[in-house]
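# Results of the structural survey
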Amino acid sequence: MAGFSRPEIAARVARDIPEGWYVNLGIGIPTLIADYVPPGREVIFHSENGVLGIGPAPSPEAVDPWLINAGKQHVTLRPGGAFVHHADSFAIIRGGHLDLCVLGAFEVAENGDLANWATGRNDAASAVGGAMDLAVGARRLWVAMEHTTKEGTARLVGRCSYPLTAPGAVSRIYTSLAVIDVTPQGFSVIETAPGVDFDTLQRHTAARLIPPE
Amino acid sequence: MIDKRVATMAEAMAGIRDGSVVLIGGFGDVGQPDALIEGLIAQGATNLTVVANNAGRGRTGLAHLMELGRVRRIVCSFPRSRGSVVFEELYSAGRIELEIVPQGTLAERLRAAGAGIPAFFTPTAVGTRLADGKEERAFDGRPHILEYALPGDVALVEAWRADRFGNLIYRESARNFNPVMAMAARLTIVQVQHLAELGTLDPEAIATPGIFVDRVLHVPYAQAKG
């Protein structure tokens, strides 16, 4: 089956981020998105640990040990960057100041429910980090992920089986197979990845899809 | 003369009691007051509640304090991460209590404690299992849950530069939880890389004014850590 690779998913998301947005990127595929925003387009990336204006990873000899992102990877600061403390960093998130957050997910339901932090009721020590704050606080929440698990199980579902991160939070999903909006009527397909037809997409999705116009 | 500098680790740790709530700054290894954690290990206080974003890594620092059985309870947003082996062992053996708090709620509960706000409502975690048992109330039609301030008996903080008043300047992303924890504790102890003469820190750059700080210990690193 054809479709988008992980970098291609990231590149596809990057296409839709306009100049001037303040954006927080989660761990995994979302982290790759920054690399695909054209250099001339000014998008400001925020990280939970109090950094605005995150730039690309440094070369090994240029690592600044004091400068990391929320994934605890070394990063750089772009001109115009700023540091804030943790409460202000989450005021940025929770106060509705971010234009966009892109997270990975275990599951997204057709009503926009997001499950991305714990894999079961018995998994009592899961790390929530900032996911619940981001899901609720950002003006838009998009998800970027593989369309199915490695075993082929659908991640787009009628109702999440994993513990929720936030109800009704996701507005758009970019996967290896398609770009899909969450609407009051359910999952609405915006486009399918190259070489993927609608019927194939529907077979790999555990909820009804509304075809593109 | 006001002078919050202390000369020894023993002075820095003096008076920390068994059963204390200890706030520990840092995000991952950055901005974490490693020397003060070692000092707390040597000081001996036990039955502690630790508030920190992460639950320790490897077998040193916070993980070592936990492995020694000195931490009864940990409050954090990210208990399980790469290298959190001691936490995993203690938690699966039922030897440590865990309270998971969304990271923003954690920061805000600390800020609230420092600002004299006993509790606040937030939409974060509504509709999830982290809202279980919490009071819910709608504002503008949107549900919120009640979260309580999280004051500390002690805060362990790392800063880049300090003066004898306890004014603090941080370095880059090492700021993180340190300023809100400094506000939120009755006794705030700082390890600092560089001591500065009074009047030489740029007042516009001071992120934590000395009013929030009780003790400053000079701990220069041989080299920057990360």
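Above: the structure in question.
What counts and what doesn't
Residues numbered from 1 in each chain as written. Chains lettered and ligands numbered in written order. Predicted model: local features only at pLDDT ≥ 70, side-chain atom pairs only at ≥ 80, totals over all residues. Heavy atoms only, no water. Pairing = 2+ DSSP bridges. Helix = DSSP H or I, 4+ residues; strand = E, 2+ residues; numbered from the N terminus. Axes fitted to C-alpha atoms, helices over the stretch in contact; angles between N-to-C directions. Phe/Tyr/Trp six-rings, centres within 6.5 Å; stacked < 30°, edge-to-face > 60°. Buried < 20%, exposed > 50% of the residue type's maximum accessible area, 1.4 Å probe, protein only. Lys NZ or Arg CZ within 6 Å of the ring centre and 35° of its normal.

## A short note on the sheet that holds strand E6 (residues 119-122) of chain B
Residue and element names in this part refer to chain B.
- Spatially, E6-E8-E7 is the arrangement adopted by the three strands of the open sheet, whose pairing is antiparallel. The open sheet is flanked by E6 and strand E7 (136-139), the only strands paired with a single partner. The sheet shows a mean angle of 40° between the axes of neighbouring strands, taken without regard to direction.
- Across four bridges, the pairing between E6 and strand E8 (residues 142-148) is antiparallel. Looking at E8, one finds that Phe121 is bridged to Leu146.

## Details of the packing of aromatic side chains
- Inspection of every chain in the model, using the stated rule, returns six aromatic pairs over all chains.
- On the basis of an interplanar angle of 70° and a centroid distance of 5.3 Å, the ring pair of Trp66 of chain A and Trp160 of chain B is categorised as edge-to-face. Remark: Trp160 of chain B occurs in strand E9 (residues 152-162) and Trp66 of chain A occurs in the loop between strand E3 (51-55) and strand E4 (76-83); the pair is interchain, linking two chains. For the pair Trp66 of chain A and Trp160 of chain B, a shared accessibility class is recorded, and that class is buried.
- Put simply, the rings of Trp21, Trp142 and Tyr174 of chain A touch in pairs and so form one group of aromatic residues.
- The ring of Phe27 of chain B carries Lys72 of chain A above its face, with NZ or CZ at 4.4 Å from the centroid.
- Seen from the ring of Trp142 of chain A, Arg172 of chain A lies directly overhead, with NZ or CZ sitting 5.7 Å from the centre.

## Observations regarding the environment of Gly94 of chain B
- Following the sequence through the fold, Gly94 of chain B ends up in the loop between helix H4 (85-92) and strand E5 (97-100).
- For the pair Gly94 of chain B and Ile206 of chain B, spaced 112 residues apart in sequence, the C-alpha to C-alpha distance is 42 Å.

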